[in-house]
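Understanding the architecture of this molecule
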Amino acid sequence: MPDTKDLIYRSVHTRNGEPHLQNLAKNWLTPQPYFYVRSHASNPAINLNTFRLEVVGMVRQSGSFSMQDLSKFPSASTMATMVCAGNRRSEHSRVRPVEGVQWDAGAIGNASWQGVLMADVLKACGVLPEARHVWFEGLDQIDNEGETIGFGASIPIEKGLTQCGSGAPLLCHSMNGKPLTHDHGFPLRSIVPGYIGARSVKWLGKIIVSDRPSPNYFMAADYKLVGQLNPLDWSEAGPIYRFPINAVICDVETRPDHWCTVSGYALPTSREGCRISKVEVSADGLDWYEARLGVDAHDYCWQLWEIEMPVAQGSEELLVRAEDTAGNFMPERVVWNAKGYLQNSWHRFKLKSSG
Ligand SMILES: Nc1nc2c(c(=O)[nH]1)N[C@H]1C(S)=C(S)[C@@H](COP(=O)(O)O)O[C@H]1N2
Ligand SMILES: [Mo]
């Protein structure tokens, strides 16, 4: 039984847990105990002595790398926020019920990631000119309507071969300077800055270089914005890659004089150089107070914010909305979708009824 003091487990055998929101926005780099876990099956047993990352497909020479082989590539580190496409799904469900883990707003965390550049490993195998996509396959075994499948994803080859800047994907062995825990993909996972969490595959066992996107269920028939769960809607919709702008109220401290300290996170749209430009909080949807942004900011990472503001007696909830330097803003409402992804409407925080 995992420690339920740090995470609220929405399911335990298949580990799905998110932190209490008031613990989340205290640190710009999320301490591992407060980093959400989202797994589709139980953790696979992996023997480090026999573990190999296979690289196959449209490459001049297939590769088979032990963790020690990978450590011979130049080490690389980046900072990136990981967010589940289903973060805030419970808000979609209040409009119309959707299946899936009923996340509150804690399926997000920001970490530093250590490993090697994916591009270095791909280049060592010699990517062929006709290659267009990089597929990842996890070693976990997921029961999907009676069939056992692995967790898979893919990213465009241009992203996979990115070498410079914070958008470059990594093959990671560590998180916040410590070896990945089993829940987070030990011994190896992909980290794709700016993309939804589902593209950062844990327990990574295989990379396939291809001329098309991965046909894996989690790429071809899940993680898409669909209005209905039918084959036509699935075929018409493209896979989600980047995450949109978002902001959430994580904590509210009320004082007897009806002033509140409100704090939370804001995630800029996944674009190089994009930052949060404004976070505003309101108790009535009419008067908006601009929050102070935390000093830490980095491409593809969230920003923390805080504000002290008056909140009239009897107010029931606080709202937050954000804008970013790429001109994006959070809508008051979003279009409902059948899998409950990418909820980024103004976030509402219920206030405890006070006297
Ligand atoms: N092999 C594997 N990789 C996976 C998953 C999984 O179930 N199996 N879940 C994905 C999803 S949906 C998310 S949001 C992130 C969560 O990563 P974390 O558990 O380290 O927070 O991992 C992704 N990678
Ligand atoms: Mo996810």
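Notes on the structure follow. Just so you know, the residues in each chain are numbered from 1, in the order the chain's sequence is written. Here every chain gets a letter starting at A, and every ligand a number starting at 1, in the order they are written. Per-residue local features are limited, in this predicted model, to residues with pLDDT of at least 70; the limit for side-chain atom pairs, both in listing and counting, is 80 or more; totals at the level of whole chains, interfaces and linings are taken over all residues. In computing side-chain properties, one takes all heavy atoms of the structure into account and sets aside hydrogens as well as water.

Examining the overall build of the chain
The numbering of helices and of strands both runs from the N terminus, where a helix is a DSSP run of H or I of at least 4 residues and a strand a run of E of at least 2. Helix and strand counts for the chain stand at seven helices and 23 strands. Viewed in the frame of its principal axes, the chain has a C-alpha envelope of about 70 × 45 × 45 Å. Buried, partly exposed and exposed residues are distinguished by accessible area as a fraction of the type maximum, computed with a 1.4 Å probe on protein chains only: under 20%, between the cut-offs, and over 50%, respectively. For the chain, with 355 residues in total, the buried portion stands at 55%. It only takes one pair of heavy atoms within 4.5 Å for two residues to be counted as in contact. Restricting the contact set of the chain to residue pairs at least 6 apart, pairs at least 24 apart contribute 70%. The accessible surface values rely on the Shrake-Rupley method and a 1.4 Å probe; as for residues, cover is taken only from the protein chains in view. Of the roughly 15700 Å² of accessible surface on the chain, 50% is carried by carbon and sulfur atoms. Charge counting follows a simple rule: Lys and Arg are positive, Asp and Glu are negative, and His as well as the terminal groups are ignored. A single reference atom marks each charge: NZ on Lys, CZ on Arg, CG on Asp, CD on Glu. If you average the places of the 34 positive and of the 38 negative side-chain charges in the chain, the two averages end up 3 Å apart.

With respect to the pattern of salt bridges
Salt bridge, as used here, is a side-chain nitrogen of Lys or Arg placed within 4 Å of a carboxyl oxygen of Asp or Glu. In the structure shown here, the tally under the stated rule is 14 salt bridges. Among the ionic pairs, Lys 72 bridges to Asp 69, the shortest N-O distance being 3.7 Å. Assessed through its relative accessible area of 27%, Asp 69 is described here as partly exposed. Each of Glu 99, Asp 222 and Lys 339 takes part in a single network of salt bridges with overlapping partners.

With respect to the sheet that holds strand 19 (residues 288-290)
Here a strand pair is declared whenever DSSP counts at least two bridges between the two strands. Pairing is antiparallel in the open sheet, where four strands are placed in the order 19-18-22-23. If you trace the sheet from one side to the other, it starts and ends with strand 19 and strand 23 (347-350), each paired once. Neighbouring strand axes in the sheet, compared pairwise and without regard to direction, differ in orientation by 25 degrees on average. Inspection of the sheet shows strand 18 (residues 276-282) paired to strand 22 (residues 317-324) by six bridges, in the antiparallel sense. Angular values range over 0 to 180 degrees, each being the angle between N-to-C directions of two axes fitted as lines to C-alpha atoms, with helices fitted over their stretch in contact.

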